[in-house]
Amino acid sequence: MAFNKRVKIKTILELNPIGQEITLMGWVRTKRSNKNVSFIALNDGSIITNYQVVADPNLISEEILKKCSTGACLKITGIVVESQGAGQTSELNAKSIEILGEADPEKYPLQPKKHSLEFLRDIAHLRMRTNTFSAVFRVRHALAFAVHKYFNDKGFFYIHTPIVTASDAEGAGETFKVTTFELGNPPRSEDGKIDFKQDFFGRETNLTVSGQLEGELAAMALSEIYTFGPTFRAENSNTTRHLAEFWMIEPEMAFYDAEDNQNLAEDFLKYVIRYALDNCAEDLNFLAQRALEEENTKPADQRSELGLIEKLKFVVENEFVRLTYTEAIDILRNSNQNKKKKFQYLIEEWGADLQSEHERYLVEKHFKKPVILTDYPKQIKAFYMRQNEDGKTVAAMDILFPGIGEIVGGSQREERLDRLTQRMEEMHIPQEELWWYLDTRRFGATPHAGFGLGFERMVLFVTGMGNIRDVIAFPRTPGNAEF
Ligand code: 4AD
Ligand code: MG
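Thresholds applied
Residues numbered from 1 in each chain as written. Chains lettered and ligands numbered in written order. Predicted model: local features only at pLDDT ≥ 70, side-chain atom pairs only at ≥ 80, totals over all residues. Heavy atoms only, no water. Buried < 20%, exposed > 50% of the residue type's maximum accessible area, 1.4 Å probe, protein only. Helix = DSSP H or I, 4+ residues; strand = E, 2+ residues; numbered from the N terminus. Arc of directions from axis to C-beta. Contact = heavy atoms within 4.5 Å. Pairing = 2+ DSSP bridges. Core = buried A, V, L, I, M, F, W, Y, C linked by side-chain atoms within 4.5 Å. Axes fitted to C-alpha atoms, helices over the stretch in contact; angles between N-to-C directions.

**Comments concerning helix α13 (residues 435-442)**
In step 1: When we look at burial in α13, the residues that qualify are Y437, L438, T440 and R441. Take α13 and look down its axis: the buried residues cluster within an arc of 140 degrees, on one side only.
In step 2: Packed against the buried residues of α13 are α5 (212-222), α12 (417-426) and β16 (448-454).
In step 3: Just past α13, the residue G444 takes up positive phi, approximately 70 degrees.

**Describing the sheet that holds strand β8 (residues 177-178)**
In step 1: Strand order in the open sheet formed by three strands is β7-β9-β8, and the pairing between neighbours is antiparallel. Of all the strands in the sheet, the pair left with one neighbour each is β7 (164-165) and β8.
In step 2: Where β7 lies against strand β9 (residues 205-207), two bridges are found, and the strand directions are antiparallel. Residue pairing in the sheet places V164 in a bridge with L207 of β9.

**Points about the nonpolar core**
In step 1: Core analysis: the largest hydrophobic core is formed by 69 residues, its most contacted members being F268, I273, L284, I399, F401 and V462.
In step 2: Take this core: its biggest share by element is twelve residues, from helix α4 (residues 131-153).
In step 3: Once you skip the residues sitting within four places of it in the chain, I273 turns out to touch L312, V315, V316, F401, M458, F461 and V462.
In step 4: Core analysis: the next-biggest nonpolar cluster, separate from the first, contains 31 residues, L323, I329, I347 and M424 among them.

**Section: the pairing of strand β3 (residues 51-55)**
In step 1: The element β3 is extensively covered by neighbouring structure, given that five of its five residues are classed as buried.
In step 2: In β3, alternate side chains face the same way, and those of Y51, V53 and A55 on one face and Q52 and V54 on the other are all buried.
In step 3: Summarising the sheet, strand β2 (residues 38-43) and β3 pair through five bridges and their orientation is antiparallel. From the neighbouring strand, S38 faces β3, where its bridge partner is A55.

**Observations regarding the sheet that holds strand β1 (residues 21-33)**
In step 1: Overall, mixed pairing links the five strands, which are arranged β1-β2-β3-β5-β4 in a closed barrel. Strand-to-strand, the axes of this sheet are offset by a mean angle of 55 degrees, without reference to chain direction.
In step 2: Bridge count between β1 and strand β4 (residues 73-82): seven bridges; the pairing is antiparallel. Across the sheet, the residue bridging to G26 is L74, located in β4.

Geometric descriptors of this kind do not, in isolation, establish any biological role.
Here it is in structure tokens:
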């Protein structure tokens with residue numbers, strides 16, 4: 001028999017194979033023993049539920065039973081029988097137990113009790129063995145799968161854009177440098193500057209902040225594409241919403257205008273959330289309970305009105321509010337929050353960049369719905385966004401979600417070469433380096449649009465977790481790259 005002839009706990013619970021002999025493998029969550037019997041709760045990650053194994057000390061040696069401690073990995077063969085206990089239809093009567101890997105109870109950091117999320121972040125190499133994190137990562141998987149399914153079903157093509165690039169698409173200068181130079185002693189040219197011509201790529205390179213620019217090239221050939229890959233930003237923002245390494249989904253569509261783009265984004269977000277509701281019920285119910293317990297530790301006036309599942313259903317079932325930046329500024333300026341100077345950044349004039357407190361006010365207090373904000377001032381947006389006829393705004397859209405703030409950023413793109421180069425000049429973006437991007441405006445240009453969804457912000461929203469570090473397996477944040 002091959003080693004891996006095992007049955008997953010998820011399958012046992014689905015098939016309920018009473019009377020059959022099977023082999024289970026997994027990690028011990030808890031063990032309770034008395035003189036007559038030991039009960040081992042085993043988990044193999046296939047589902048949130050532990051499976052109960054009953055071990056008779058007449059069949060299983062004391063030495064083996066002792067090693068079945070929390071965290072140990074076991075291979076158990078036995079017969080599936082009707083369960084005596086409540087809450088589970090069957091259990092396994094062990095015939096033999098093999099210890100695949102011991103876990104010294106004196107040293108194993110995960111105990112069968114509630115650990116804080118902060119503590120678990122410090123042992124991220126083990127935290128997936130908890131109910132909370134295994135649930136989060138199963139949901140994360142389902143969401144990623146739903147992303148691919150959505151676009152595949154719509155005839156979009158998945159493009160793998162480069163991770164090492166020479167450009168800074170967003171122009172925010174928050175890039176991580178990529179080099180093979182010895183840091184203390186890089187070659188220099190005569191003027192004393194570092195001579196990147198001698199570097200690996202013969203030029204200065206960095207980790208990508210977005211696959212969009214390359215995505216646009218692909219859309220100009222395949223019509224509808226998307227990317228889904230890691231992106232990197234060296235912004236020193238230590239918030240619960242920012243990672244230095246995060247995953248972004250960026251669809252890019254030829255022949256779409258701003259409104260087509262908004263329609264697609266809304267439909268896509270709802271589809272992905274609906275997919276999780278339909279396919280992750282057990283994990284979401286567990287996470288909803290967890291979120292509720294956390295809510296109950298907050299002061300009554302700060303608790304959210306809806307539970308996690310209700311919140312997800314609400315987003316799927318209701319239309320997003322669409323309004324322009326200008327309309328939003330009016331709402332914010334006239335809000336009590338602003339008049340009573342309760343915003344940290346007061347809204348005084350048109351043109352101000354919106355902070356997360358303003359976004360959340362609009363979504364959580366004013367509209368109580370997801371919001372699509374459009375037509376931002378050109379000064380606060382990237383060079384590639386299409387300029388509106390008013391000369392002041394661009395065809396941008398940000399989608400704001402309750403509890404999250406900005407979850408999507410996108411725009412119709414400036415397809416007119418003269419407008420684009422004029423904007424690049426104004427913003428000091430070197431045209432020589434982006435000659436290939438400008439070529440799409442020289443050869444066969446067409447209106448097109450796209451957006452970027454921050455994948456972890458979506459996972460955060462769907463799982464109801466409070467910190468983005470808890471929805472990516474090994475978070476990269478300022479001061480943090482341990483695992
Ligand atoms: O708004 P952003 O910067 O837009 C772009 O990068 C465009 N190129 C997208 C496009 O039009 N193709 O980022 C898009 C989304 C944000 O709305 C946010 O959800 C997420 O990416 N994001 C981050 N997520 C986690 N940590 C960070 N540091 C993030 N920065 C942006
Ligand atoms: Mg943005």
